[in-house]
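# Geometric and topological summary
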Amino acid sequence: MPEYQSVVFAGTDGGAVTSIEDYVATGGFSALRKARALAPDDVIAELDASGLRGRGGAFFPTGRKWSFVPKPEQLEKPHYLVVNADESEPGTFKDREIMLRVPFRFLEGCLIAAHGIQSRHVFVYIRGEYEREFEILRDSLEAMRKRDLLGDVTVVIDSTLLTAVGEA
């Protein structure tokens, strides 16, 4: 099993963890609490020091990538975190498995990224054919809202958003 799977799917025992209670019992949201206790620049520095790299073809250092995002005071408009869960690469199902088996870890990662780049808006684009994944993420997001884990971050999960933007 690739090393990233041992991190991404930790605590699943090969199954799915789609209950917020089960996720919390396996240490879920501890990374989010740790990140929120840090200043955004410190989150990026820690991520950079960890050596974590993206899972795309370039295997680019994640902390370095996040450091390229302009700070809010450098912009006249708000900036957004957009997560592409389209998974259109031929023959890959990595994102789908994460959304199905560890949806809270997926959303926790989104919130950590939003904090690190100082974004108050997260948009997750999910492939329209992934109805089950969409429902699991939507239900997981609702469970997080009920526990007030989102704070003042807006999270939107949509399968039509990019189509609507493309038509404008």
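Residues numbered from 1 in each chain as written. Predicted model: local features only at pLDDT ≥ 70, side-chain atom pairs only at ≥ 80, totals over all residues. Heavy atoms only, no water.

Once that is clear, we can look at the side chain of Ser119. Structurally, Ser119 can be placed in the loop between helix H7 (103-117) and strand E2 (121-126). Polar contacts involving the side chain of Ser119 include one to the main-chain amide nitrogen of Leu81, which spans 3.4 Å. (Helix = DSSP H or I, 4+ residues; strand = E, 2+ residues; numbered from the N terminus. Polar contact = N/O pair within 3.5 Å; in protein donor to acceptor, adjacent residues only side chain to side chain.)

Moving on: the nonpolar core. Formed by 40 residues in total, the largest nonpolar core has its most connected members in Phe29, Trp66, Phe106, Val122, Val124 and Met144. A total of nine residues in this core trace back to one element, the largest contributor, which is H7. In contact with Trp66, not counting residues within four places along its chain, are Val43, Ile44, Leu47, Ile112, Ala113 and Ile117. (Core = buried A, V, L, I, M, F, W, Y, C linked by side-chain atoms within 4.5 Å. Buried < 20%, exposed > 50% of the residue type's maximum accessible area, 1.4 Å probe, protein only. Contact = heavy atoms within 4.5 Å.)

Attention now moves to the pairing of E2. Here five bridges tie strand E1 (residues 81-85) to E2, and the two strands are oriented parallel to one another. If you follow Ala85 over to E2, its bridge partner there is Ile126. Here E2 runs beside strand E3 (residues 154-158); their pairing, made up of five bridges, is parallel. Pairing of Tyr125 across the sheet is with Asp158, part of E3. (Pairing = 2+ DSSP bridges.)

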